[in-house]
Amino acid sequence: MKRPFVIAGPCSAETLPQMLSTAAALVPAGVDLFRAGIWKPRTRPGCFEGVGEPGLDWLVEVRKQTGLGVCCEVATPSHVEKCLEKGIDALWIGARTTVNPFMVQELAEALRGSAVKVMVKNPVNHDLGLWAGAIERLAGCGVTDLVAIHRGVSGDKVLKYRNNPAWELAIRFRSRFPEIPILCDPSHMGGDSAYVRELSQRALDLGFDGLMIESHYRPGEALCDSSQQLTPPELISLLSSLKVRETTADDEQFLEELEQLRARIDDIDANILSLLSRRMGASAEIGHLKKKNNVSIIQMRRWEEVLSQMLSLGGDAGLDEEFVRCIFNLIHEESINVQNRILEDSESTGPAL
Ligand code: PEP
Ligand code: MN
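A short tour of the structure in this document, coming up. Given the structure is predicted, the values throughout are model-derived calculations rather than measurements. (Residues numbered from 1 in each chain as written. Chains lettered and ligands numbered in written order. Predicted model: local features only at pLDDT ≥ 70, side-chain atom pairs only at ≥ 80, totals over all residues. Heavy atoms only, no water.)

1. Description of the overall build of the chain
Helix and strand counts for the chain come out as 13 helices and eight strands. On C-alpha atoms alone, the chain measures out to a radius of gyration of 26 Å, which is more than a quarter above the 20 Å that the 2.2 N^0.38 rule sets for 353 residues. In the chain, buried positions account for 44% of the 353 residues. Within the chain, counting contacts between residues at least 6 apart in sequence, those at least 24 apart form 73% of the total. Accessible surface, the chain as shown: approximately 18500 Å² in total, 53% of it carbon and sulfur. Mean positive and mean negative side-chain charge positions of the chain (38 and 49 charges, respectively) differ by 4 Å. (Helix = DSSP H or I, 4+ residues; strand = E, 2+ residues; numbered from the N terminus. Rg over C-alpha atoms; globule rule 2.2 N^0.38 Å. Buried < 20%, exposed > 50% of the residue type's maximum accessible area, 1.4 Å probe, protein only. Contact = heavy atoms within 4.5 Å. Areas by Shrake-Rupley, 256 points an atom, 1.4 Å probe, with all protein chains shown as cover. Lys, Arg positive; Asp, Glu negative; His and termini not counted. Charge placed at Lys NZ, Arg CZ, Asp CG, Glu CD.)

Here's what the structure looks like:
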């Protein structure tokens, strides 16, 4: 797959002129596929739910007039059949469908024997298993041209973005399926055209293979997701300013420095493990002491002191506060587990209740 692979087009197909004007203006951007939702999965009823089947003919017309490959979302086997009939170049499964294994299985069966490109968005919830399961169901039906799209997690708003970017979910996907290209959808992730640039660059910095970006020739008039769509000229300017990172480099000096730094990291990681083991050893001794004196494991005041001291030391050491909090929460949980096992152990001494 070409890197970065770029998919662009409106959230939804609205009219043939809207599709043609947008697509023609996107050709100079060098996009690889033109997108437009035909059937729109709206969270609540009463909103614009897409133009339906006529939109497929508009996609075919876009391809005829511009030469761009075209794609749309499918959510039912009948959508798949209609798209295959019209020769749509690629399909994607939306976040509200990936979450449903029954529906994904039905889509996979409908795709059996087809060579079409199928792109799978991460599910609306923070669940790598459902995302992986969708990929496995499709692969199980012989779909080989698979692509993943990371669009963040809905209903989990953090900071300013519409979706929680949840980058770690995409990173875990990548390590589970290293051979499957992964794109980022900064439009639905950010929910505002102002955030598309920073999220796109972050995705490329993390090594994503490409982007799916919503673009409409008149965003203010869009029937759906109007605030997050870029005009084609904005998209062209964005693409020309993004820095594309290579997956690796073969420069000798780079490789040598990388190796030295990695050796240092391996050494530090081994030290962290040995310190954690000593830390848990001390927790176990405390467990025995508490058991002998019939004292409960959780001592809130002590834990609050530890955490606030670590947050302050972590700040002095230039570490991110949330990172330090997460690490110490994990250490505390494991320390409680260690002590629990000691208190539960009937062989150890301690007064009966
Ligand atoms: C879309 O891409 O049009 C869409 C509905 O996105 P998502 O499934 O990521 O919400
Ligand atoms: Mn949209």
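What follows picks up the thread again.
2. Observations regarding the site of ligand 1
All residues in the neighbourhood of ligand 1 are listed as Arg 35, Lys 40, Glu 73, Trp 92, Gly 94, Ala 95, Arg 96, Lys 121, Arg 151 and His 188. Note that an oxygen atom of ligand 1 is positioned 2.8 Å from one of the side-chain N or O atoms of Arg 35. Between ligand 1 and Lys 121, the relevant distance is 2.8 Å, taken from an oxygen atom to a side-chain nitrogen or oxygen of the residue. Considering ligand 1 on its own, with 290 Å² of exposed area, one finds that the protein chains cover 97% of that surface. Grouping the amino acids of the shell around ligand 1 by side-chain chemistry returns two nonpolar, two polar and six charged. (Near = heavy atom within 4 Å. Polar contact = N/O pair within 3.5 Å; in protein donor to acceptor, adjacent residues only side chain to side chain. Nonpolar A, V, L, I, M, F, W, Y, C, P; charged D, E, K, R; others polar.)

3. Here we look at the packing of aromatic side chains
Per the stated rule, a full pass over the model turns up four aromatic pairs. Between Trp 131 and Phe 173, the aromatic rings sit 4.3 Å apart at their centres with planes inclined by 35°, giving tilted as the arrangement. Of this pair, Trp 131 sits in helix H6 (residues 128–140) while Phe 173 sits in helix H7 (residues 167–176), and the two are 42 residues apart along the sequence. Residue Trp 131 is classed as buried on the basis of its relative accessible area, which comes to 0%. Classification of Phe 173 by relative accessible area gives buried; the value is 0%. Between the aromatic rings of Tyr 161 and Tyr 195, the centroid separation amounts to 5.3 Å while the plane-to-plane angle is 85°, which identifies the pairing as edge-to-face. Placement of Tyr 161 in the loop between strand E6 (146–150) and H7 and of Tyr 195 in the loop between helix H8 (186–190) and helix H9 (196–205) is noted, with a sequence separation of 34 residues between them. Here Tyr 161 falls in the buried class, since its relative accessible area comes to 10%. Through pairs of rings, three or more aromatic residues link up here, namely Trp 131, Phe 173 and Phe 177. Positioned above the aromatic ring of Phe 5, the side-chain terminus of Lys 117 is 5.6 Å from the ring centre. (Phe/Tyr/Trp six-rings, centres within 6.5 Å; stacked < 30°, edge-to-face > 60°. Lys NZ or Arg CZ within 6 Å of the ring centre and 35° of its normal.)

4. Quick word on the coordination of the manganese ion (ligand 2)
Those donors, Cys 11 (SG), His 188 (NE2), Glu 214 (OE) and Asp 225 (OD), are the protein atoms that reach the manganese ion (ligand 2), and they lie 2.0 to 2.4 Å from it. Each donor residue of the manganese ion (ligand 2) belongs to the same chain, and together they define the spacing C-x176-H-x25-E-x10-D. Of the two residues, Glu 214 is situated in strand E8 (residues 210–214) and Asp 225 in the loop between E8 and helix H10 (232–241); the sequence distance between them amounts to eleven residues. By relative accessible area, which is 18% here, Asp 225 ends up buried. (Donors = N, O, S within 2.8 Å, 3.2 Å for Na, K, Ca; no water.)

5. A closer look at the pairing of strand E4 (residues 90–93)
Alternating positions in E4 separate into two faces, Ala 90 and Trp 92 on one and Leu 91 and Ile 93 on the other, with burial throughout. Sheet topology note: the strand E3 (residues 69–73)/E4 ladder contains three bridges and is parallel. Bridge pairing links Cys 72 to Leu 91 in E4. In this fold, E3 hands off to helix H3 (residues 77–86), which returns the chain to E4; that crossover is right-handed. One ladder, built from four bridges, connects E4 with strand E5 (residues 117–121); its direction is parallel. Bridge assignment links Leu 91 to a residue of E5, and that residue is Val 118. (Pairing = 2+ DSSP bridges. Right-handed = clockwise from strand over helix to strand, strands pointing away.)

6. What to know about the side chain of Glu 14
Summarising the element assignment, Glu 14 is placed in the loop between strand E1 (5–9) and helix H1 (16–26). Engagement of the side chain of Glu 14 in a polar contact is seen with the side chain of His 216, the distance being 3.0 Å. Apart from residues no more than four positions distant in its own chain, Glu 14 is found in contact with Phe 48, Val 51, Trp 58, His 216, Glu 221, Ala 222, Leu 223 and Cys 224.

7. A word on helix H2 (residues 54–66)
The end-to-end C-alpha distance of H2 is 19 Å, a good match for the 18 Å that 13 residues give at a rise of 1.5 Å each. Every buried residue of H2 is listed here: Gly 55, Leu 56, Trp 58, Leu 59 and Val 62. Down the axis of H2, the buried set is contained in an arc of 160°. They therefore lie on one face. More than 90 degrees from the buried face of H2, the exposed residues found are Lys 64 and Gln 65. Those residues of H2 that are buried lie in contact with H1, strand E2 (33–35), E3 and H3. (Expected span 1.5 Å × (residues − 1). Arc of directions from axis to C-beta.)

8. Considering the sheet that holds strand E7 (residues 182–184)
Spatially, the eight strands close up into a barrel ordered E1-E2-E3-E4-E5-E6-E7-E8, and their pairing is parallel. Recorded for the sheet is a direction-independent mean angle of 25° between the axes of neighbouring strands. (Axes fitted to C-alpha atoms, helices over the stretch in contact; angles between N-to-C directions.)

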